[in-house]
Amino acid sequence: MNFNDLFKSSFLENITSFSALDMVIAMGLAFVLGLFIFFVYKKTYTGVMYSSGFGVSLLGLTLVTTLIILAVTSNIILSLGMVGALSIVRFRTAIKEPLDIVFLFWSIAAGIVLGAGLLPLAMLGSLFIGVILVVFVNKKSVDSPYILIVESESSQPENDILNIIKAGVKRYSLKSKTISDSGMEFTLEVRLTGNSTRFMGEIKAISQVKSTALVSYNGDYMS
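Here is what the cut-offs are and how they apply
- Residues numbered from 1 in each chain as written.
- Predicted model: local features only at pLDDT ≥ 70, side-chain atom pairs only at ≥ 80, totals over all residues.
- Heavy atoms only, no water.
- Helix = DSSP H or I, 4+ residues; strand = E, 2+ residues; numbered from the N terminus.
- Buried < 20%, exposed > 50% of the residue type's maximum accessible area, 1.4 Å probe, protein only.
- Contact = heavy atoms within 4.5 Å.
- Areas by Shrake-Rupley, 256 points an atom, 1.4 Å probe, with all protein chains shown as cover.
- Salt bridge = Lys/Arg side-chain N within 4 Å of Asp/Glu carboxyl O.

## Overview of the overall build of the protein
Turning to step 1, where the next piece is worked out: Helix and strand counts for the protein stand at 9 helices and 5 strands.
Turning to step 2, where the next piece is worked out: Ordered by position in the sequence, the α and β elements of the protein form the string α-α-α-α-α-α-α-β-α-β-β-α-β-β.
Turning to step 3, where the next piece is worked out: A total of 223 residues make up the protein; the buried ones form 28% of that total.
Turning to step 4, where the next piece is worked out: Restricting the contact set of the protein to residue pairs at least 6 apart, pairs at least 24 apart contribute 69%.
Turning to step 5, where the next piece is worked out: A total of about 14,400 Å² of accessible surface is found on the protein, and carbon and sulfur atoms cover 64% of it.

## Focus on the pattern of salt bridges
Turning to step 1, where the next piece is worked out: Evaluation of the coordinates by the stated rule reveals 4 salt bridges.
Turning to step 2, where the next piece is worked out: Note that glutamate 151 and lysine 210 form a salt bridge whose closest N and O atoms lie 3.4 Å from each other. Note that glutamate 151 is positioned in strand S1 (residues 145-152) and lysine 210 in strand S4 (residues 209-216), a separation of 59 residues in sequence.
Turning to step 3, where the next piece is worked out: The class for glutamate 151 is partly exposed, based on a relative accessible area of 28%.
Turning to step 4, where the next piece is worked out: The exposure class of lysine 210 is partly exposed, given its relative accessible area of 37%.
Turning to step 5, where the next piece is worked out: As a salt-bridge pair, glutamate 158 and lysine 177 come within 2.8 Å of each other at their nearest N and O atoms. Within this pair, whereas glutamate 158 is found in helix H8 (residues 158-168), its partner lysine 177 is found in strand S2 (residues 169-180), the two being separated by 19 residues in sequence.
Turning to step 6, where the next piece is worked out: Taking the relative accessible area as the measure of exposure, glutamate 158 reaches 16% and is therefore buried.
Turning to step 7, where the next piece is worked out: A residue is classified by how much of its surface remains accessible, and lysine 177, at 39% relative accessible area, is partly exposed.
Turning to step 8, where the next piece is worked out: Shared partners join several salt bridges into a network, and the residues in it are Lys175, Glu189 and Arg191.

Keep in mind these values describe shape, not function.
Okay, structure coming up:
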């Protein structure tokens, strides 16, 4: 085999050198891994609005990447052309959750490893990544921070409100305070004692308090 033979390409030769069994095995395992990645994404999602379309995209991305790598590894000319074609692709979709980037790279990496024929690495590596994500993402903090917003008609009940908060939460810190002609509004970061929000009812019972709101950092709202 000389240098010219390395870059010699024939349509019929490519057909005869193609292995249908390899494709079926690789694409079947890619489908299984894609479903596993989809399941882990659904299990670990912590955002405000879950998107099933993004989960299906992870499955499709694993399959497409595997197919591309299968083609690239069988032909040098095709691999050079594929690199040039993919270099002009631009993705404009905004990634809202930082963890979504991990799943995108995971799907691409799984497809690359599967297409390269490293089946044990793809399966065991994906299993390890999935377990790590499920354990750490779903681990609930016992000291989760919340933002408490209190609005009252005047600043007179401020001491009473702070005393109720001090007795009802583990700890708190004042973030902002606004006093205007229409009343007073202040924002505090609080750490709940367990999941108890009884102090909000006690604050609301004060006559001059107009509204209270408790918001977690992941967007959950409670009034």
